[in-house]
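Structural features, examined
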Amino acid sequence: MKIGNLPADERAALALVGAGRTDAGVHANGQVAHFTFPQTAMPTNILQKGINALLPTTVRIRNLSEVDDTFHARYGARRKTYTYLIVDGGILPPHYANRAYYRRPSSKRMSLNLDRLTEAASTLVGTHDFASLSNFDPQKAGQSTVRTVDRV
């Protein structure tokens, strides 16, 4: 059975659970997610092709595999990696247009000092409570805003 041939109510029931959300304008690379599929006889490679055929071209499933019922994409996540890109002057490569902060060239502005930026960012390394930077809901049990930054 093809994904597109599933009854609409079964397609709607495929609740996708992601490892985490991204903010508006942020690109997720290597996002992990899980869902329960009602048909168990479909090979994963066929399922992957079927789902990709329904997705916009800017979103792709690169790997799909069966997992046991105890797997949870969000609560089982052990690590997240964030990459921030800054293009300081020069010509902005087109593929960075919506993925990098671009500082336009200016004779009136100094170039970024990477040593000072690295020094400032290094204060984030370690285990800290990031409550002031989150939308933490104290009513939700088990939530923690304490995170460990391994490197910058």
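Attention here is on the structure that accompanies the text. Just so you know, these numbers come straight off a predicted model, no measurement behind them.

1. Concerning the overall build of the protein chain
Within the protein chain, the regular secondary structure consists of three helices and six strands. Listed by position from the N terminus, the elements making up the protein chain come as α-β-β-α-β-β-α-β-β. Looking at the protein chain residue by residue over its 152 residues, the buried ones come to 12%. Nonlocal contacts in the protein chain, meaning residues at least 24 apart in sequence, comprise 37% of its contacts between residues at least 6 apart. Here the protein chain has roughly 13000 Å² of accessible surface; of this, 52% comes from carbon and sulfur atoms.

2. Side note on helix H3 (residues 114–121)
Judged by how many residues are buried, H3 sits mostly at the surface: zero of eight residues are covered. Residue Asn113 occupies the N-cap position of H3, its side-chain oxygen lying 3.1 Å from the main-chain nitrogen of Asp115.

3. Examining the environment of Thr81
Assignment of secondary structure puts Thr81 in the loop between helix H2 (44–54) and strand E3 (86–88). Judged by its relative accessible area of 64%, Thr81 falls in the exposed class.

4. Regarding the pattern of salt bridges
Per the counting criterion, the structure on display carries two salt bridges. Of the charged contacts, one joins Arg79 and Asp150 as a salt bridge, the two residues approaching to 3.0 Å between their closest N and O atoms. Of this pair, Arg79 sits in the loop between H2 and E3 while Asp150 is found in the segment after strand E6 (146–149), placing the two residues 71 residues apart along the sequence. Arg79 gets classed as exposed once you look at its relative accessible area, which sits at 62%. Where Asp88 meets Arg103, a salt bridge forms, and the shortest distance between an N and an O atom there is 3.2 Å. Of this pair, Asp88 sits in strand E3 while Arg103 is found in strand E4 (residues 101–103), placing the two residues 15 residues apart along the sequence. The exposure class of Arg103 is buried, given its relative accessible area of 9%.

5. With respect to the side chain of His34
Tracing the chain through its elements places His34 in strand E2 (residues 33–34). Among the residues examined, His34 registers a relative accessible area of 17% and is labelled buried. A distance of 3.0 Å separates a polar side-chain atom of His34 from the backbone nitrogen of Ala73. Residues within four places of His34 in sequence aside, it is in contact with Ala15, Leu16, Val17, Phe71, His72 and Ala73.

Definitions and limits used
The residue numbers shown here count from 1 along each chain, following its written sequence. Only residues with pLDDT of 70 or above have their local features reported here, since the model is predicted, and side-chain atom pairs are shown and tallied only from 80 upward, although totals for entire chains, interfaces and linings are computed over all residues. Side-chain measures were taken over the full set of non-hydrogen atoms in the model, leaving aside hydrogen atoms and water. Numbering goes from the N terminus for both helices and strands, where a helix is a DSSP run of H or I of at least four residues and a strand is a run of E of at least two. Summary of the burial criterion: residues with accessible area below 20% of their type's maximum are buried, those above 50% are exposed, and those between are partly exposed, where the area comes from a 1.4 Å probe applied to protein chains only. In this analysis, two residues are considered to be in contact whenever any of their non-hydrogen atoms come within 4.5 Å of each other. The Shrake-Rupley method, run with a 1.4 Å probe sphere, supplies the accessible areas, and residue values consider only the shown protein chains as cover. Whenever two N or O atoms come within 3.5 Å, that pair is a polar contact, provided that in protein one can donate a hydrogen and the other can accept it, and provided that, for residues adjacent in sequence, both atoms are side-chain atoms. Salt bridges are defined as contacts in which a side-chain nitrogen from Lys or Arg sits within 4 Å of a carboxyl oxygen from Asp or Glu.

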